[in-house]
Number of protein chains: 2
Amino acid sequence: MAVYTHLGAEELSALISQYDVGALVSAKGIAEGVSNSNWLIETTGPEGTGARYILTMYERRIELSDLPYFLGLLDHLSEKGCPVPRTIHDRDGSAYRMKRGKAVALIEFLPGVSPTQPSPEQAGAVGRVLADMHLASRDFARSRTNTMSFPDNLVLLERCGADRLARIDPGLPSMLGPARAAAELDLSRLPHASIHADLFPDNVLMLGEQVTGLIDFYFACTGSMALDLATTHAAWCFDRENRYRADLGAALIAGYESVRPLGAQERELLPEIAKGAALRFVASRAEDWLDTPDDALVTRKDPMQFVARWHVYDDLGEKLFDRT
Amino acid sequence: MAVYTHLGAEELSALISQYDVGALVSAKGIAEGVSNSNWLIETTGPEGTGARYILTMYERRIELSDLPYFLGLLDHLSEKGCPVPRTIHDRDGSAYRMKRGKAVALIEFLPGVSPTQPSPEQAGAVGRVLADMHLASRDFARSRTNTMSFPDNLVLLERCGADRLARIDPGLPSMLGPARAAAELDLSRLPHASIHADLFPDNVLMLGEQVTGLIDFYFACTGSMALDLATTHAAWCFDRENRYRADLGAALIAGYESVRPLGAQERELLPEIAKGAALRFVASRAEDWLDTPDDALVTRKDPMQFVARWHVYDDLGEKLFDRT
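Residues numbered from 1 in each chain as written. Chains lettered and ligands numbered in written order. Predicted model: local features only at pLDDT ≥ 70, side-chain atom pairs only at ≥ 80, totals over all residues. Heavy atoms only, no water.

Enquirer: Where do I start with the domain arrangement of chain A in this structure?
Expert: Put simply, an interface is often sized by how much accessible area is lost when its parts join up. All names here are of chain A. One can read the domain layout of chain A as domain 1 (9-108) and domain 2 (120-321). For domain 1 and domain 2, the distance between their C-alpha centroids amounts to 28 Å. Together domain 1 and domain 2 conceal approximately 1700 Å² of surface at their shared face, both sides included; 69% is due to carbon and sulfur atoms. Interface area lost by domain 1 to domain 2 is led by Tyr69, Phe70 and Pro83, which between them contribute 36%. The tally of links from domain 1 across to domain 2 stands at two salt bridges. In this structure, aspartate 66 and arginine 144 form a salt bridge, with 3.1 Å as the shortest nitrogen-oxygen distance. At the boundary of domain 1 with domain 2, the tally comes to eight residue pairs in polar contact (both at pLDDT 80 or more). Elements with a contribution of two residues or more to the side of domain 1 that touches domain 2: strand E3 (51-58) and helix H2 (67-79). A total of eight residues in the side of domain 1 that touches domain 2 trace back to one element, the largest contributor, which is H2. (Domains from an automatic or database assignment. Buried area = accessible area lost by both parts, 1.4 Å probe. Salt bridge = Lys/Arg side-chain N within 4 Å of Asp/Glu carboxyl O. Polar contact = N/O pair within 3.5 Å; in protein donor to acceptor, adjacent residues only side chain to side chain. Helix = DSSP H or I, 4+ residues; strand = E, 2+ residues; numbered from the N terminus.)

Enquirer: Please explain the packing of aromatic side chains as it appears in this structure.
Expert: Within a pair of aromatic rings, the relevant descriptors are the distance that separates the centres and the angle that separates the planes. Residue and element names in this part refer to chain A. All told, the structure shown has 18 aromatic pairs over all chains when counted by the stated rule. Centroid distance tyrosine 58 to tyrosine 218: 5.3 Å. Interplanar angle 70°. Geometry classified as edge-to-face. Of this pair, tyrosine 58 sits in strand E3 while tyrosine 218 sits in the loop between strand E9 (210-214) and strand E10 (221-224), and the two are 160 residues apart along the sequence. Here tyrosine 58 matches tyrosine 218 in class, with each residue buried. Considering the side-chain rings of phenylalanine 70 and tyrosine 218, the 5.5 Å spacing of their centres and the 90° angle between planes classify their relative orientation as edge-to-face. Residue phenylalanine 70 is found in helix H2, and its partner tyrosine 218 is found in the loop between E9 and E10; the two are separated by 148 residues along the sequence. Here tyrosine 218 falls in the buried class, since its relative accessible area comes to 14%. (Phe/Tyr/Trp six-rings, centres within 6.5 Å; stacked < 30°, edge-to-face > 60°. Buried < 20%, exposed > 50% of the residue type's maximum accessible area, 1.4 Å probe, protein only.)

Enquirer: What should I look at first to understand the environment of Asp198(B) in this one?
Expert: Residues and elements named next belong to chain B. Of note, aspartate 198 is situated in the loop between strand E7 (192-195) and strand E8 (204-207). Relative accessible area serves as the criterion here: at 12%, aspartate 198 is assigned to the buried category. The sequence separation of aspartate 198 and threonine 231 amounts to 33 residues, and the corresponding C-alpha distance is 6.8 Å. Ignoring sequence-local partners within four residues, the contact set of aspartate 198 consists of Asn203, Phe219, Thr231 and Phe281. (Contact = heavy atoms within 4.5 Å.)

Enquirer: Mind showing me how you'd approach the pattern of salt bridges here?
Expert: When charged atoms on two side chains of opposite charge get close, those side chains can pair. Residues and elements named next belong to chain A. Going through the model one piece at a time under the given rule, you end up with 34 salt bridges over all chains. The shortest N-O distance in the salt bridge between glutamate 272 and lysine 275 comes to 3.3 Å. Taken together, the residues span about one helical turn, with glutamate 272 and lysine 275 both in helix H9 (residues 264-291) at a distance of three residues. Glutamate 272 gets classed as partly exposed once you look at its relative accessible area, which sits at 36%. Because the salt bridges share partners, they merge into one network encompassing Asp239, Glu241 and Arg243.

Enquirer: Before we go on, may I ask you to explain helix H10 (residues 304-316) of chain A in this structure?
Expert: Residue and element names in this part refer to chain A. An ideal rise of 1.5 Å per residue puts 18 Å on 13 residues; H10 measures up with 18 Å between its terminal C-alpha atoms. The complete set of buried residues in H10 reads Met304, Phe306, Val307, Arg309, Trp310, Val312, Tyr313 and Leu316. Note on H10: the residue one or two positions beyond its end, glycine 317, has a positive phi of about 55°. (Expected span 1.5 Å × (residues − 1).)

Enquirer: Sorry if this is basic, but what is going on with the interface of chain B and chain A here?
Expert: Opposite the 31 residues of chain B that make contact, chain A presents 31 residues. Note on chain B versus chain A: buried area summed over both sides is about 2500 Å², and carbon and sulfur give 59% of it. Together, Glu10(B), Lys28(B) and Val113(B) form the three largest contributors to the area buried by chain B at its contact with chain A, with a combined 23%. Linking chain B with chain A are two salt bridges. Arg52(A) serves as the salt-bridge partner of Glu42(B), at 2.2 Å between the closest nitrogen and oxygen.

Dropping the structure here:
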């Protein structure tokens, strides 16, 4: 949550002039994104009636070679009517430009706010849009390997090591066994598409019960659609104390299946995939925790929140599908 | 530059519903303000045609008892046609509300971007608007004491002490003598008004050569208008290496005097006041430097930049008025 680079008004104006979006009217650095700097930009608009955009500068963690996949996916989904922001191409047709040695992209601004206490109606709407997105992405021509797959999570946790994990919390090393089990799950035989892979409420814009935007596709990859549903489930269906909200879980899955019913194999594996999805955040948060100095001003996210969610999934098993 | 408090969409919606501005459409935390959290808010607008606002939560350094002065001044100046943001009052007529024990205010959004490399035309425009503001503020009924007056700056520097100042830079303790001299300047006999007192380019929004907004009035106070001009001069008329930009200085003063010519006493004292204005930022930056741990992620502003500017003013003397 930061603006890492200061771009002055003159630089921003010059950059904006490379796009057919009118002249710069306003630019505010916004506190979104952990691996990039973002500005909410207002211009006079291509028609002179005003327009807003998000300008993103890719700072770290994001490989330049991945940008054609991320930005191309936005264009592909947007053309098919999914509520994702279009990439604005410059006058030469490029989806991104270089500025001070870093890539920058101009992206459509979408209205909406992210719910912090979602309702079942909102969870159902997210399930439907997620399934829509999966169906729309199946013929997207590019592919990208999931760098946070279950085997990757195991590697991360093993690299942290039981001793250092125990220093974060004594309950953390017990996740190494489950991470080994998850790494052995074979998701390759499940139906694949381009998936979001990080669809927390923060990454969904809504107006009331309508989804107006899915954003922040910087973990998107080619992967199992059931994995994306399970990740969204792990991100949405718990309260602040990490207690399971069965009403949200039922609404999310019902919403998803109203558009794209899960296959038999997906249903069979989903309880295990959900455990693996929880471990994905245990692993990345544990690594971030150990990489962040104790006295840094950054708020570290507690991996134990997702250990708690893993236990919920372990207890639920097939009851994950209960329509409470 | 931060958002200190996380306000969720539901909380923001509830807050916005206390104002006659329509429903919440978008909210982005923006990276502005060092003593408050700010969101750029979009709503359906009082007429249903859309509107934008800045929502400010006062976090620290700002006394609640000062808010009626700061927010009332915005309303007073705005009514008189100065380019400052109006305060939006809630349905009960209050200029601010309390949220989680902190004051929040909804403020008009103004277009424009802050120049980082101002032109003489832009400096001239700022001079004219500053003088307009002074004339408009003279009949503002409230008053507020300048908490960063020249005697206050001396107290700050003496509290730091020569030893600790020398640890920041060996050239810093030499500013104690000049700070004593500035503290003895009698500004009380100069014409007063409500002044901005911190009009850096960051706090001015412009479209081309037009000033569209003066913002961030949280140092505003009752004070000498010549002091405000000198502070603006010290903030605008130097390049990145702190070399004097005589063209900007001449344009700023000429712009100011085209609206409000300085009196004889003001002209006589301005070279000394400019030195005191530079010391104001030497003092506050030195204090912030010593208060900020070496390893904090916050960028400390170097007090030596304004030591360099003090030396420029000391050399310039009466030549401050040269029309280069």
